[in-house]
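Close look at the chain arrangement
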Amino acid sequence: MQFKLVPPAPDSLDDLDVACRAVPLVPASEDDCTERLLRRLDLPSRDVARTWLTFLRALGLATETDRGFRRTESEPTPDDLRRRLLDRVFLARPVRDAVAAADAPMAAAAAFDAVRDRVPPWERHKNPRTWESVWRDRVADLLDWLALLDVVDRREVGYVADEASG
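Residues numbered from 1 in each chain as written. Predicted model: local features only at pLDDT ≥ 70, side-chain atom pairs only at ≥ 80, totals over all residues. Heavy atoms only, no water.

With that out of the way, let us pick up the pairing of strand β2 (residues 68–71). For strand β1 (residues 62–65) and β2, the ladder comprises four bridges, and the chain directions are antiparallel. Opposite Thr 65, over in β2, you have Gly 68 as the bridge partner. Joining the antiparallel neighbours β1 and β2 is a turn of two residues. (Pairing = 2+ DSSP bridges. Helix = DSSP H or I, 4+ residues; strand = E, 2+ residues; numbered from the N terminus.)

This is the structure we're talking about:
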């Protein structure tokens, strides 16, 4: 299963840890979890908190049970987080591949152009006037996460493949 929602990337992985710890070990309702995320990360809305909760699930840091959401007890390595991002977040691998194939630093808009055909038709039909801006923003957020997790390098004019991450 792949997840579509990606929150804006924080400045450091410490914020990811704060978000993870906002989700309780004992299952709690979505409302309780989003309220905790709102407070701990000082988020602007419940929708952003919901996006964080979904993203934590994508990274294997939270899970949904029949009694609500709970934090997983795993301590993933940076390699685990990179692999989960690439495997479980929709468009992460194609965006990474587009950056890796580029001859020069790739701007977020160019990365979106490289993967726009992969956006499912129902997403285009659901919001025909705004789907491009929604997905352009998602790709930009995804690039920032890829940079934060050292999958790509952020440069002043765009993103390049991180040769160390292979």
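Let's pick the thread back up.
Let us look at the packing of aromatic side chains. Applying the stated rule across the entire model yields five aromatic pairs. Ring centres of Trp 52 and Phe 55 lie 6.5 Å apart, and the angle between their planes is 90 degrees; this geometry places the pair in the edge-to-face category. Residue Trp 52 and its partner Phe 55 are located together in helix α3 (residues 46–58), separated by three residues, close to a single helical turn. For the residue pair Trp 52 and Phe 55, the accessibility class agrees, reading buried in each case. Seen from their ring centres, Phe 55 and Trp 145 are 4.5 Å apart, and the 45 degrees between their planes marks the pair as tilted. Here the residue Phe 55 occupies a position in helix α3, and Trp 145 occupies one in helix α8 (residues 131–148), the gap between them amounting to 90 residues. Members of the aromatic cluster, each reached through a chain of ring pairs, are Trp 52, Phe 55 and Trp 145. The residue whose ring lies beneath Arg 138 is Trp 135, and the NZ or CZ to ring-centre distance is 4.5 Å. (Phe/Tyr/Trp six-rings, centres within 6.5 Å; stacked < 30°, edge-to-face > 60°. Buried < 20%, exposed > 50% of the residue type's maximum accessible area, 1.4 Å probe, protein only. Lys NZ or Arg CZ within 6 Å of the ring centre and 35° of its normal.)

Attention now moves to the pairing of strand β4 (residues 158–161). The sheet contact formed by strand β3 (residues 152–155) and β4 spans four bridges and is antiparallel. If you follow Arg 155 over to β4, its bridge partner there is Gly 158. Between β3 and β4, which pair antiparallel one after the other, the connecting turn spans two residues.

Moving on, we come to the side chain of Arg 82. Of note, Arg 82 is situated in helix α4 (residues 78–88). If sequence neighbours within four positions are ignored, Arg 82 has contacts with Leu 149, Asp 150 and Val 151. (Contact = heavy atoms within 4.5 Å.)

Let us now look at the pattern of salt bridges. Evaluated as defined, the whole model comprises 15 salt bridges. Residue Glu 30 is joined to Arg 50 by a salt bridge in which the shortest nitrogen-to-oxygen separation is 2.8 Å. With Glu 30 in helix α2 (residues 30–41) and Arg 50 in helix α3, this residue pair connects regions lying 20 residues apart in the sequence. Assessed through its relative accessible area of 31%, Glu 30 is described here as partly exposed. Classification of Arg 50 as partly exposed rests on a relative accessible area of 27%. Between Arg 93 and Asp 87 there is a salt bridge whose closest N-O contact spans 2.4 Å. A residue is classified by how much of its surface remains accessible, and Arg 93, at 33% relative accessible area, is partly exposed. The class for Asp 87 is partly exposed, based on a relative accessible area of 39%. Via salt bridges that share partners, Lys 4, Glu 123 and Lys 126 belong to a single interconnected network. (Salt bridge = Lys/Arg side-chain N within 4 Å of Asp/Glu carboxyl O.)

Moving on to unusual backbone geometry. A positive phi angle is found at Asp 42, which is not glycine, with a value near 55 degrees. As for its position among the elements, Asp 42 is in the loop between α2 and α3. According to the relative accessible area criterion, Asp 42 is exposed, its value standing at 67%. Backbone geometry at Asp 150 places phi at a positive 60 degrees, although glycine is not the residue there. Position of Asp 150 relative to the elements: it lies in the loop between α8 and β3.

So far we have only geometry, and geometry alone does not tell us how the molecule works.
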